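Summary of structural features
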Amino acid sequence: MNNRKMVAGNWKMNKTLQEGETLIKELDKLISNPACAVVIGVPFIHLTTACNLLKDNKFIQVAAQNCADKASGAFTGEVSAAMVASTGATYCILGHSERRTYYHETNAILQEKVNLALENNLKVIFCVGETKEEREANKQEQIVKQQLQEGLFHLSAEQFKQIVIAYEPVWAIGTGLTATPEQAQEMHKYIRELVQEKYGDLAASTTILYGGSCNPKTAPELFSKPDIDGGLIGGASLKAEDFSAIINAQ
Ligand code: PEP
């Protein structure tokens, strides 16, 4: 297995606990010996159940979709990185455009979250990507560079080994519009070059996922590109057959 390869699901705010259990049991049956790492990003309340249901499954790891930017204390409604880790989850998705847009998470806030996730031994799937307006103004590289520099590039090389980058053009998320494989490859190559400039040879082993309306039809061509190591999958991760078909596209 190329050890850069990964398919990660992002359930977002979907599935009751009971519905989540059903999906996890389906995935547990369907996904055996995948050609890539598999991660499912579930709502906080599903974390313990997901980790328990999958404790004998060597292939599927569990992620939270967020964590607090504070370690602990009087922050009503928040969930800390330590709490996430205590469930058995091994990943945390950070910087998703929905968090950046609806919950005003800036690169500075995300830097704190990344630090806390790593301090608690969570690996991070860090999302970057430009809006439609930014692409139309041809600013996509500038935006992605700034998100990486301000959210991640303060890390040491040792810390950076725990990072997966997900390029998710905002205009492609949940819209049915997928970046063309060429558009995605161009950005992934650029991201790998930025990682190379900052962390040298680590760039060759850094996993860079594509996200944005990726589905069983579009995944094979996207995943065939040299710098696209897999996908971060939203809508299509909610159906076991679709998610499993995307994994099989690796
Ligand atoms: C996502 O939420 O990360 C995502 C890529 O969503 P979708 O696949 O539904 O576009």
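To be clear, the structure that these remarks concern was listed above.
So, here's what we can say about the structure. (Residues numbered from 1 in each chain as written. Predicted model: local features only at pLDDT ≥ 70, side-chain atom pairs only at ≥ 80, totals over all residues. Heavy atoms only, no water.)

1. Focus: empty space enclosed by the protein
On inspection of all chains with the given rule, the structure shows one cavity of 30 Å³ or more. Taken as a whole, the largest cavity encloses approximately 40 Å³ of empty space. Taken together, Gly-95, His-96, Ser-97, Arg-100, Cys-127, Val-128, Gly-129, Gln-147, Glu-168 and Val-170 make up the lining of the largest cavity. If you list the elements that add at least two residues to the lining of the largest cavity, you get α4 (97-102) and β5 (123-128). Of the residues that constitute the lining of the largest cavity, the class distribution is three nonpolar, five polar and two charged. (1 Å grid on protein atoms, 1.4 Å probe; cavity = no way out; pocket = protein on both sides within 12 Å on 5 of 7 lines; lining within 4 Å. Points joined across faces, edges and corners; volume = space filled by probe spheres on them. Helix = DSSP H or I, 4+ residues; strand = E, 2+ residues; numbered from the N terminus. Nonpolar A, V, L, I, M, F, W, Y, C, P; charged D, E, K, R; others polar.)

2. Overview of the packing of aromatic side chains
Per the stated rule, a full pass over the model turns up four aromatic pairs. Between the aromatic rings of Phe-153 and Phe-160, the centroid separation amounts to 6.2 Å while the plane-to-plane angle is 65 degrees, which identifies the pairing as edge-to-face. With a relative accessible area of 1%, Phe-160 lands in the buried category. Taking the centre distance of 5.7 Å and the plane angle of 85 degrees together, the rings of Phe-153 and Tyr-199 count as edge-to-face. With Phe-153 in the loop between α7 (140-151) and α8 (157-160) and Tyr-199 in helix α9 (residues 181-199), this residue pair connects regions lying 46 residues apart in the sequence. For the pair shown, Phe-153 and Tyr-199 are each scored as buried. Three or more aromatic residues link up through ring pairs in this structure, and these residues are Phe-153, Phe-160 and Tyr-199. The aromatic ring of Tyr-199 is capped on one face by Lys-198, whose charged end is 5.8 Å from the ring centroid. (Phe/Tyr/Trp six-rings, centres within 6.5 Å; stacked < 30°, edge-to-face > 60°. Buried < 20%, exposed > 50% of the residue type's maximum accessible area, 1.4 Å probe, protein only. Lys NZ or Arg CZ within 6 Å of the ring centre and 35° of its normal.)

3. Here's the deal with the pairing of strand β7 (residues 208-211)
By the alternation rule, side chains of β7 split into Ile-208 and Tyr-210 and Leu-209 and Gly-211, which are all buried. Where strand β6 (residues 163-167) meets β7, three bridges bridge the pair, whose relative direction is parallel. Note on β7: the bridge partner recorded for Tyr-167 is Tyr-210. With respect to chirality, the unit in which β6 leads through α9 into the neighbouring parallel β7 is right-handed. By the bridge criterion, two bridges tie β7 to strand β8 (residues 230-233) in an arrangement that is parallel. Each bridged residue has a counterpart across the sheet, and for Gly-211 the counterpart in β8 is Leu-232. (Pairing = 2+ DSSP bridges. Right-handed = clockwise from strand over helix to strand, strands pointing away.)

4. Points about the site of the ligand
The full set close to the ligand counts 14 residues, and Lys-12, His-96, Glu-168, Gly-174 and Ser-213 are the nearest of them. Contact between the ligand and Glu-168: an oxygen atom at 2.7 Å from a side-chain N or O atom of the residue. Alone, the ligand offers 290 Å² of accessible surface; in the complex the protein occludes 95% of this. Partitioning the shell around the ligand into residue classes produces four nonpolar, eight polar and two charged. (Near = heavy atom within 4 Å. Polar contact = N/O pair within 3.5 Å; in protein donor to acceptor, adjacent residues only side chain to side chain. Areas by Shrake-Rupley, 256 points an atom, 1.4 Å probe, with all protein chains shown as cover.)

5. Looking at the environment of Leu-152
Relative to the helices and strands, Leu-152 is located in the loop between α7 and α8. Along the sequence, Leu-152 and Gly-230 sit 78 residues apart, while their C-alpha atoms lie 20 Å from each other. Every residue in contact with Leu-152, bar those within four places of it in the chain, is listed here: Val-114, Phe-126, Gln-147, Phe-160, Ile-163, Ile-165 and Tyr-199. (Contact = heavy atoms within 4.5 Å.)

6. Quick notes on the sheet that holds strand β2 (residues 37-41)
Reading around the barrel, the eight strands line up as β1-β2-β3-β4-β5-β6-β7-β8 and close back on themselves, with parallel pairing between neighbours. On average, each strand axis in the sheet is tilted by 25 degrees relative to the strand beside it, whichever way the strands run. Packed onto the sheet, α9 meets β5, β6 and β7 and runs at close to 150 degrees relative to β7. (Axes fitted to C-alpha atoms, helices over the stretch in contact; angles between N-to-C directions.)

7. Quick notes on the side chain of Ser-237
Its location among the elements puts Ser-237 in the loop between β8 and α11 (240-248). With a relative accessible area of 0%, Ser-237 lands in the buried category. A distance of 3.1 Å separates a polar atom in the side chain of Ser-237 from the backbone oxygen of Ile-233. A polar contact of 2.7 Å, which involves the side chain of Ser-237, links it to the backbone oxygen of Gly-234.

8. Side note on the layout of surface pockets
The space that makes up the largest pocket amounts to roughly 470 Å³. No other element matches α4, which puts three residues into the lining of the largest pocket. For the lining of the largest pocket, the residue count by class is seven nonpolar, six polar and four charged. Here the second largest pocket is characterised by a volume of approximately 220 Å³. Lining the second largest pocket are 13 residues, and of these Lys-161, Gln-162, Ile-163, Ser-205 and Thr-207 sit closest to its centre.

These figures capture arrangement, not role.
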